[in-house]
Amino acid sequence: MTHWLSVAVQTPAHSAVAGPLTYRSELPLTPGTLVRVPFGKREVLGIVWALADSPAPGWSEESSRAVSGALDGVAPLISAWRQLVEFSAAYYQRALGEVALAALPPQLRDLSAVQLARRLKPRPIKSGAADAGGPAQPPGSLNATESVALNDQQILALAEFESKKGPFLLFGATGSGKTEVYLHAVANLLARDARAQALVMVPEINLTPQLEARFRSRFAPLYGEGAVVSLHSGMTNPQRLKSWLAAHSSAARIVLGTRMAVFASMPALKLIVVDEEHDPSYKQQEGARYSARDLAVYRGRLDGAKVLLGSATPSLESWHQSRPASAGDPGGRYVRLVMPGRIGEAGFPKVRRVDMNHQPMKTVFSPPLLDAIRARIARGEQSMVFLNRRGYAPVLHCADCGWKSECPHCSAFRVFHKIDRTLRCHHCGFTERVPRACPACGNIDIAPLGRGTERLEEHLAELLAGETRPDGTPVRIARIDADTTKLKGALESQLAQVHSGEVDVLVGTQMIAKGHDFRRITLVAAINPDGALFSSDFRAPERLFSLLMQSAGRAGRDAAFITAGASGSEMWIQTFHPTHPLFEALKQHDYPAFAARDLREREAAAMPPFSFQALVRAEARTQDVAQGFLNAASAAAQTELAGLPGFDEVMPRITLYGAVPMSVQRVANVERAQMLVESGSRSALQRFLAAWHEVLRQTRSLPAHKGLIRWAVDVDPLTI
Ligand code: ADP
Ligand code: ZN
Ligand code: ZN
C-alpha cells in the first residue's frame, strides 16, 4: 500500500517551494520521523511533517518520488517540537523546512543511515547512576559538599516559583544568587520527576564552561556524567550530534546552551531557564532571525514547561510584561520574582561620576580615577577598565589634507590596529598595511583619531609605569577583547590569569562586563559611555544602562574579600553629562527607576513594547535599487492586500515607513536599505507580514528590480 507524506526539507530562502513536499512511502511513517528523500539530484535529510492523503497536485502516483529510507534508531520528533518549529517559521517569516532542518545538528544531515547507526550504538556508561535508570542517591539528598543553603530572598523566590505557573521573571541584582536559584529549581524538578528534563540557556559561549562546571559538579554525582550536556556553536559537529542525541533520547536530563539550544529536542522538557534574558545575543542576527528568549516562553506553553527568565537588568519587554496589576491595568503575564540584595555582606559598588567638562581637553583618564586605580594596585586589588571599542584607534587621519582611513568597500572607517600595523574594516574584513604616508597628499604625519582598547591599554601602561604591587613587583595590565581572544582557549587562559590575581588592571570591551564571577575586582571604570545617550536607536539607553549595571556587578562580588581589608568597591563613570537621569538611576542602582522613565518615553512615542515592529532589509548594488524595491513592495501592499478578507481591519493598523539607507549603508560594496513596519497589534502585524511575503516575492521578480541581491524580514528587530 502507498502512503503519502508531507516532508520538510531544506529549501532555499524565498523559493517557490516554501512548504513541505509530498513523497510516497511503502511504509506508514509517523510524523516527526527523520527520513532521507531525493531532492533535485541529491538525497537529503527530511522530517515527516504530516500525513497526506494524495500526491501533490499535478503529480501522479508514478511521477511522485519515494522516501529513500527512514532513520531507524532516532525516535520521531514530538509534536510539541514540530509546533515550535512551525510557529518560529510563521512568526519570523521563514520557510518551514529551513527552520526545521537548521534546528537539527549539522551532522544529522550529512551522515548516512549506516554511519548514524554506528553513532547510536550504546557505549559503556562510566558512572553507575545512569545505568541504574535513576539517581544513585535518594532524590533530594544533595551532596553535602555541593549543596548551598539558600538565603531568605532565594527561599522566597524559589517558593513562589514552585507554587505558581509562570512564566517568571527573576529580577535579581548581580551577585544576588540567581544561578543558585536555577540550580535548586532544576534539582527540585529532577528529584520530583524521574524523567523530566531542564534546559538552561546563557547568552555567550564563553559563559558556558563556568556554568557547565557548576551544573556538572552539582548533578553528575546524582544522575551520572551523561546527565548534563552542552549545546552551542563552539562545539565540533560530532560533539553537537552527541549532545543532541543524548537530549533527544532523554538520557541527558539537563541541556546547557546558547540560543540555538532553544530548538533542542527534549521530549520530557519541564523547565526552561533563560539567564541574562536581556542579552542581545539571544537574537539570532542572520538567516531566520529568531529571539531565543521569546521562543523559550512560547515553547514553555507547548511543552507544559515552566519558564524562568533571569536578569539584574531585564529587557524592557520582559519588565513591562511582568508589571504588577494596578488601577485600570490587569498587569503583565509574567510573574515577577525579586531578589534585591547581594549574597553575604557584599554591598553595591559606589557609583562615582567624573564630570569631563571640568577636565582638561582630551583627558582620557581623569586624575581622580587614576589615583583610585593606583591605590588599588598598591593594596593588591584589581581594577577593570571598560571601553566599547576594540583596536588602537577607530580612524587614521591626515591633518594636512583631511584624509581619513575610510574603507573603500563600506561606508565606514577602517580601524587602526597597531599590533600588526594594519587598517582593518570591522564590517567587511578588508585589511591593509598602514600606509607610510598619507595616500592622498604624501604627508608622513598621519595620526590616530580617538581610541580603542589597544590604545587605552598602551596609554594606561605609560600612566602606571613605576607602580608596584604590595609585594614590590611591577603592575600588570592585561587586555581582553575580540582581538586578544581569537585563538581557541585564549579567553579561558586570560580569564584564569585574572582569577588567579596575576593581573592588576584589566582593560577590555563589553566582553569582560558579562557574567564572569571575578572575585577580587573592586573598581570598574567606564571610560567613555556617552555615545549611547543620544543614539538614534531607541534601545541604546537600555543597552547602556544594562551594560553599566552589569559591569558594576563585576565589582565587589566577594564580601569576604572586601571585609578582609579591601576597600569598598566603586564604579567610575567618566561623562560629559553627569546629571543625565540614566546615570542618576545608575548611581542609586535603581533599575526600576530607569525602566519606568524609559518605558514612559517609549509609551509616549508608541515604541516597543507598546508597539510591534518588523524591518524589511534589502541589498543591491545601488541604494536606488534597494530602496526602489522596498517602496514598490510597500505600494503593492496597499493595492493588493486591501481586498483580502479581514484586511479592512488589518491595513489601518499597519504603518509602513519609507525606505531609508541602513546606518552603515554600504558593506563590501553592497548598498543596504531598510523599511520599518509598525503596528499597535502583534496579530495585525503578523497577518500583514504573512500576506505581504508573497507580494515581496512577486515584486522582486519584476524586471524593474533585477539588480536586487537579497531581501529579508526581521521581526522584532533589536537594532533599527
Ligand atoms: P548571580 O547569578 O545572581 O549573579 P550567583 O548565583 O552567581 O549570582 O551567586 C553569586 C555568588 O554567591 C556565587 O559565588 C555563589 O556561589 C554564591 N552564593 C549564591 N547563593 C548563595 C548562598 N545562599 N549562600 C552562600 N553563597 C551563595
Ligand atoms: Zn569594509
Ligand atoms: Zn593627506
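Rules used in this analysis
Residues numbered from 1 in each chain as written. Chains lettered and ligands numbered in written order. Predicted model: local features only at pLDDT ≥ 70, side-chain atom pairs only at ≥ 80, totals over all residues. Heavy atoms only, no water. Helix = DSSP H or I, 4+ residues; strand = E, 2+ residues; numbered from the N terminus. Rg over C-alpha atoms; globule rule 2.2 N^0.38 Å. Contact = heavy atoms within 4.5 Å. Areas by Shrake-Rupley, 256 points an atom, 1.4 Å probe, with all protein chains shown as cover. Lys, Arg positive; Asp, Glu negative; His and termini not counted. Charge placed at Lys NZ, Arg CZ, Asp CG, Glu CD. Near = heavy atom within 4 Å. Polar contact = N/O pair within 3.5 Å; in protein donor to acceptor, adjacent residues only side chain to side chain. Donors = N, O, S within 2.8 Å, 3.2 Å for Na, K, Ca; no water. Tetrahedral: all angles 85-135°; square planar, octahedral: opposite > 155°, others 65-115°. Buried < 20%, exposed > 50% of the residue type's maximum accessible area, 1.4 Å probe, protein only. Phe/Tyr/Trp six-rings, centres within 6.5 Å; stacked < 30°, edge-to-face > 60°. Lys NZ or Arg CZ within 6 Å of the ring centre and 35° of its normal. Expected span 1.5 Å × (residues − 1). Arc of directions from axis to C-beta. Pairing = 2+ DSSP bridges. Axes fitted to C-alpha atoms, helices over the stretch in contact; angles between N-to-C directions. Core = buried A, V, L, I, M, F, W, Y, C linked by side-chain atoms within 4.5 Å. Right-handed = clockwise from strand over helix to strand, strands pointing away. Salt bridge = Lys/Arg side-chain N within 4 Å of Asp/Glu carboxyl O. Bend = angle between axes of the 7 residues up to and from the residue. Parallel < 35°, antiparallel > 145°, perpendicular 65-115°, else oblique. Left-handed = near helix turned anticlockwise from the far one by under 90°.

### A short note on the overall build of the chain
Helix and strand counts for the chain stand at 21 helices and 28 strands. Relative to the compact-globule value of 27 Å for 720 residues, the chain shows a C-alpha radius of gyration of 28 Å, a close match. Projected onto its principal axes, the C-alpha coordinates of the chain cover approximately 85 × 70 × 60 Å. Within the chain, residue pairs in contact and separated by at least 24 positions form 75% of the contacts whose partners lie at least 6 positions apart. Carbon and sulfur atoms provide 54% of the accessible area of the chain, an area that totals close to 30900 Å². Averaged over its 81 positive side-chain charges, the chain has a centre that lies 3 Å from the centre of its 69 negative ones.

### A closer look at the site of ligand 1
By nearness alone, 18 residues border ligand 1, and Ala149, Gln154, Gly175, Lys178 and Thr179 come closest of all. Ser176 has a polar backbone atom sitting 3.3 Å from an oxygen atom of ligand 1. Contacts to ligand 1 include Lys178, whose backbone N or O atom sits 2.8 Å from an oxygen atom. For ligand 1, whose accessible area on its own is 560 Å², the fraction buried by protein is 75%. It is helix H7 (residues 178-192) that provides the largest number of residues to the shell around ligand 1, a total of three residues.

### Quick look at the environment of Phe647
By the element assignment, Phe647 lies in helix H20 (residues 647-650). Taking the C-alpha atoms as reference points, Phe647 and Ala684, separated by 37 residues in sequence, lie 8.9 Å from one another.

### Overview of the coordination of the zinc ion (ligand 3)
Surrounding the zinc ion (ligand 3) are the protein donor atoms Cys398 (SG), Cys401 (SG), Cys438 (SG) and Cys441 (SG), which sit 2.3 Å from the metal. Considering all four donor atoms around the zinc ion (ligand 3), angles at the metal cover 105 to 113 degrees and the coordination shape is tetrahedral. Written as a sequence motif, the donor arrangement for the zinc ion (ligand 3) is C-x2-C-x36-C-x2-C. Accessibility expressed as a relative area gives 3% for Cys438, which makes it buried. For Cys441, a relative accessible area of 40% puts it in the partly exposed group.

### As for the packing of aromatic side chains
The tally for this structure, following the rule as stated, stands at 16 aromatic pairs. For the pair Trp319 and Tyr591, a centre-to-centre distance of 4.9 Å together with 90 degrees between the ring planes defines the contact as edge-to-face. Placement of Trp319 in helix H11 (residues 316-321) and of Tyr591 in helix H18 (residues 591-604) is noted, with a sequence separation of 272 residues between them. Overall, the relative accessible area of 8% leaves Trp319 in the buried class. Residues Phe688 and Trp692 carry aromatic rings whose centres are separated by 5.1 Å and whose planes lie at 35 degrees to one another, so their mutual orientation is tilted. Of this pair, Phe688 and Trp692 are both found in helix H21 (residues 682-701), four residues apart, which corresponds to roughly one turn of the helix. Residue classification places Phe688 among the buried residues on the basis of a relative accessible area of 0%. Through a chain of ring-to-ring contacts, the aromatic side chains of Phe171, Trp319, Phe545, Tyr591 and Phe594 assemble into a single cluster. Of note, Arg253 hangs over the ring of Tyr223, and the distance from its end group to the ring centre comes to 5.4 Å. In this structure, Arg336 is placed above the aromatic ring of Trp319, and the distance from its NZ or CZ to the ring centre is 3.4 Å.

### With respect to helix H12 (residues 367-379)
For H12, built from 13 residues, the straight-helix expectation of 18 Å at 1.5 Å per residue is met to within 8% by its first-to-last C-alpha distance of 18 Å. Restricting attention to buried positions, one finds in H12 the residues Leu369, Leu370, Ala372, Ile373, Arg376 and Ile377. Seen end-on, H12 carries its buried residues on one side only, within an arc spanning 160 degrees. Summarising the contacts, the buried residues of H12 are in contact with strand E14 (382-386), helix H13 (453-463), strand E21 (505-508), strand E22 (521-526) and strand E23 (570-575). Gly380 lies just past H12 and shows a positive phi near 80 degrees.

### Some words on the coordination of the zinc ion (ligand 2)
Taken together, the protein donors to the zinc ion (ligand 2) comprise Cys407 (SG), Cys410 (SG), Cys425 (SG) and Cys428 (SG), at separations of 2.3 Å. Its four donor atoms give the zinc ion (ligand 2) angles of 106 to 112 degrees at the centre, a pattern that matches the tetrahedral case.

### Things to note about the sheet that holds strand E13 (residues 350-355)
Strands sit in the order E13-E23-E22-E14-E21-E20 across an open sheet of six strands; the sheet is parallel. Edge positions in the open sheet fall to E13 and strand E20 (477-480), since each of these has one partner strand only. Between one strand axis and the next, the sheet turns through 20 degrees on average, direction left out of account. Pairing of E13 with E23, which is carried by six bridges, proceeds in the parallel orientation. Directly across from Val351, in E23, lies its bridge partner Met571. Its contacts with the sheet put H13 on E14, E20 and E21, and the angle it makes with E20 is roughly 175 degrees. Of the strands in this sheet, E14, E20 and E21 touch helix H14 (residues 490-499), which is tilted by about 145 degrees from E20.

### Focus on the sheet that holds strand E1 (residues 3-9)
Here five strands make up an open sheet; going across it, the order is E2-E1-E4-E3-E5 and the pairing antiparallel. Unpaired on one side and paired on the other, strand E2 (21-25) and strand E5 (69-70) mark the two borders of the sheet. Two elements, E1 and strand E4 (residues 42-52), share six bridges in a ladder whose sense is antiparallel. Within the sheet, the bridge partner assigned to Val7 lies in E4 and is Val48.

### Structural notes on the nonpolar core
Nonpolar side chains tend to gather and get buried jointly when the protein is soluble and globular. Among the nonpolar cores identified, the biggest contains 123 residues, and Leu104, Met201, Leu548, Phe688 and Trp692 are the most heavily contacted of them. Among the elements that line this core, the one with the most residues is H21, at eight residues. Discounting chain neighbours no more than four positions away, the residues touching Leu548 are Phe386, Ala526, Pro529, Met571, Ile573, Leu582, Phe583 and Leu586. With 33 residues, the next largest nonpolar core counts Leu170, Val186, Val202 and Leu256 among its residues.

### A few points about the pairing of E20
Each regular strand displays side chains that alternate between the two surfaces of the sheet. Bridge count between E20 and E21: four bridges; the pairing is parallel. Looking at the pairing, Ile480 lines up with Gly508 of E21. Handedness of the crossover joining E20 and E21 through H14 is recorded here as right-handed.

### Side note on the environment of Tyr298
Its place among the elements puts Tyr298 in helix H10 (residues 292-303). Tyr298 sits in the partly exposed class, given a relative accessible area of 23%. With 83 residues separating them along the chain, Tyr298 and Phe215 place their C-alpha atoms 25 Å apart.

### Brief notes about the pattern of salt bridges
Applying the stated criterion across every chain yields a total of 40 salt bridges. Among the salt bridges present, the one from Arg710 reaches Glu619, with a minimum N-O distance of 2.3 Å. In this pair, Arg710 is assigned in strand E28 (residues 708-715) and Glu619 in strand E24 (residues 612-620), connecting sequence segments 91 residues apart. What you see here is one network of salt bridges that share partners, running through Arg352, Arg376, Arg379, Glu381 and Glu570.

### What to know about H21
With 20 residues, H21 extends 29 Å between its outermost C-alpha atoms, agreeing within 8% with the 28 Å of an ideal straight helix rising 1.5 Å per residue. Trp692 marks the point of greatest bend in H21, at about 30 degrees. Among all positions of H21, only Ala684, Leu685, Gln686, Phe688, Leu689, Ala691, Trp692, His693, Val695, Leu696 and Thr699 are buried.

### Quick look at the packing of helix H6 (residues 152-163) against H7
Interaxial distance between H6 and H7 falls to 10 Å at its minimum, and their mutual angle equals 45 degrees. Relative to H7, the element H6 is oriented oblique. In this structure, the crossing between H6 and H7 has a hand that is right-handed. On H7, the residues touching Gln154, Leu158, Phe161 and Glu162 of H6 are Glu180, Val181, His184, Ala185, Asn188 and Arg192.

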